Amino acid sequence: MTSFSHLSHLECARCATTVDAGVAHGLCDCGAPLLSRYDLDAVRATVSPTDLADRAASLWRYHELLPVSAPESVVSLGEGLTPLLALPRLGTHLGLPRLLMKDEGGLPTGTFKARGAATGVSRAKELGIDAIAMPTNGNAGAAWAAYCARAGLRCHIAMPAQAPEITKRECTGFGADLRIVDGLIGDAGAAVAAMVSAGGWFDAGTLKEPYRLEGKKTMGYEIAEQLGWRVPDVIIYPTGGGVGIIGIHKALLELQALGWIGDKLPRLVAVQAAGCAPIVRAFEAGARSSEPWADAHTVAFGITVPHALGDFLVLQAIYHTGGCAIAVSDDELLAASADAARLEGTFICPEGGATVAAARLLREQGWLAESDEVVLLNTGSGLKYPETLAGQDVRDAVRSRTSA
Ligand SMILES: *Cc1c(COP(=O)(O)O)cnc(C)c1O
Ligand SMILES: [Zn+2]
């Protein structure tokens, strides 16, 4: 009999302690995240890339490499297998004719956070958890609230007051218990810690449990599969807590171990906003971990993370692949998202705009060559940011019409 999942155990990302995956876990005793490990020999023996081609167009097509042990446990809203779009006009504009964008904007709740919520909530339910709590900059809360509603789990969310308005409405609409916190995501995290110890709820914060990462890593599988089981030269990712870039790196290492891709890895690039760039500062100092960023602020709210629990894993992914970390200003990322809309018809989120701005800067600096095949990660739909995007253009248009 073949298994739905070949999850074998959990392993600490820092001290390599292993624990049983059959019960719910938070962090390792040493304080670092636990990573899911699979019996890759069993995966290789039972499934091949060709078998995957006929499967449903969702991230569950990779179920052997996901943590949910039974198909009945899957909580799904139809997530995954997002388009990998060629961007010929924007690419020409930037001097990168082989530019591509993995567009996550069409996922349930409008961002890639749906991937982590799908696997995280499915596995939480499977392990018997009935109430979760988490801090969020907005999009993760919206996604987890949606999947919790779908699964019948209770969901407690703490969010900074400045988070995008729509994400608050999504949370309450999905029936979550929403607490608005004065401050940033770290302050929301402190609120959740208090809620968790008072309420006995499960802390599903970024990298605090192992399974959100597993959903997000499927971006890496999909990029490789959509390119015909090969990798691009560079992947550029808007980095906050870092789960996406850590996940893509993990996915690529798993595919290498399976022998499904060759020796080459893409250079992984972490983009941050100039107003909150702890990973960039650490990278520029050649450091293995980051220091907390003071006075964090950017319109790209999803990447306002002053101190990420997984900072050392983001830096590992960058160093191991010969990548880099780069900061872009709010003006640059907003102008870049406007370019993507005008030249390609893609209405991307500000965080996605940061990857376009980074591609431009890295090309100007010569870090990217014209021949490089570059994949940008647009992590969400611009439709979630009506207050932020295209506002000036709309105001100008209204003004020119009323004064005509
Ligand atoms: C959460 C978020 C990010 C950053 O995600 P990480 O993988 O945790 O670094 C980027 N873009 C958007 C739109 C987000 O919501
Ligand atoms: Zn440990």
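Residues numbered from 1 in each chain as written. Chains lettered and ligands numbered in written order. Predicted model: local features only at pLDDT ≥ 70, side-chain atom pairs only at ≥ 80, totals over all residues. Heavy atoms only, no water.

Q: Hey, could you run me through the overall build of the protein in this one?
A: When its secondary structure is counted, the protein shows 15 helices and 13 strands. Principal-axis analysis of the C-alpha atoms gives the protein an extent of 70 × 50 × 40 Å. Counting the 404 residues in the protein, one finds 59% classified as buried. When contacts within the protein are restricted to residue pairs at least 6 apart in sequence, long-range pairs at least 24 apart make up 72% of them. Approximately 15200 Å² of the protein is accessible, and the part contributed by carbon and sulfur atoms is 52%. (Helix = DSSP H or I, 4+ residues; strand = E, 2+ residues; numbered from the N terminus. Buried < 20%, exposed > 50% of the residue type's maximum accessible area, 1.4 Å probe, protein only. Contact = heavy atoms within 4.5 Å. Areas by Shrake-Rupley, 256 points an atom, 1.4 Å probe, with all protein chains shown as cover.)

Q: Explain unusual backbone geometry here, please?
A: Negative phi values dominate among residues other than glycine, just as trans dominates among peptide bonds. With a phi close to 65°, Thr109 is a non-glycine residue in the positive phi region. Here Thr109 lies in the loop between strand 5 (99-103) and helix 4 (113-126). Relative accessible area serves as the criterion here: at 16%, Thr109 is assigned to the buried category. Despite not being glycine, Trp229 shows a phi value in the positive range, around 60°.

Q: So what exactly am I meant to see when it comes to the packing of helix 9 (residues 218-226) against helix 10 (residues 243-258) here?
A: Packed helix pairs are characterised by how far apart their axes lie and by the angle those axes make with each other. Running from amino to carboxyl end, helix 9 crosses helix 10 at an angle of 55°, the nearest separation of the two axes being 7 Å. Taken together, the axis directions place helix 9 and helix 10 in an arrangement best described as oblique. With respect to the hand of their crossing, helix 9 and helix 10 are arranged in right-handed fashion. Judged by residue contacts, Met219, Gly220, Tyr221 and Ala224 of helix 9 engage Gly244, Ile248, Ala251, Leu252, Glu254 and Leu255 from helix 10. Residue classes in the contact of helix 9 with helix 10 are distributed as seven nonpolar, two polar and one charged. (Axes fitted to C-alpha atoms, helices over the stretch in contact; angles between N-to-C directions. Parallel < 35°, antiparallel > 145°, perpendicular 65-115°, else oblique. Left-handed = near helix turned anticlockwise from the far one by under 90°. Nonpolar A, V, L, I, M, F, W, Y, C, P; charged D, E, K, R; others polar.)

Q: Got a minute to help me understand the coordination of the zinc ion (ligand 2) in this structure?
A: Geometrically, a metal with four donors at the corners of a regular tetrahedron has ideal angles of 109.5 degrees, and one with six donors at the corners of a regular octahedron has ideal angles of 90 or 180 degrees. Within the protein, the zinc ion (ligand 2) binds to Cys12 (SG), Cys15 (SG), Cys28 (SG) and Cys30 (SG); these donor distances fall in the range 2.3 Å. The site at the zinc ion (ligand 2) holds four donor atoms, and with the angles between them running 102 to 119°, its shape is tetrahedral. All donors of the zinc ion (ligand 2) come from a single chain, and their spacing in sequence reads C-x2-C-x12-C-x1-C. With Cys12 in strand 1 (residues 7-12) and Cys30 in the loop between strand 2 (18-19) and strand 3 (34-38), this residue pair connects regions lying 18 residues apart in the sequence. (Donors = N, O, S within 2.8 Å, 3.2 Å for Na, K, Ca; no water. Tetrahedral: all angles 85-135°; square planar, octahedral: opposite > 155°, others 65-115°.)

Q: What's the story with the packing of helix 10 against helix 12 (residues 311-321) in this structure? I'm lost.
A: In the contact formed by helix 10 and helix 12, the axes pass within 9 Å of each other and the chain directions differ by 50°. Considering the angle they form, helix 10 stands oblique to helix 12. The two elements helix 10 and helix 12 cross, and the hand of that crossing is left-handed. Listed contacts from helix 12 to Ile245, Ile246, His249 and Leu253 of helix 10 are Leu313, Val314, Gln316, Ala317, His320 and Thr321. Classifying every residue of the contact of helix 10 with helix 12 by side-chain character gives six nonpolar, four polar and no charged.

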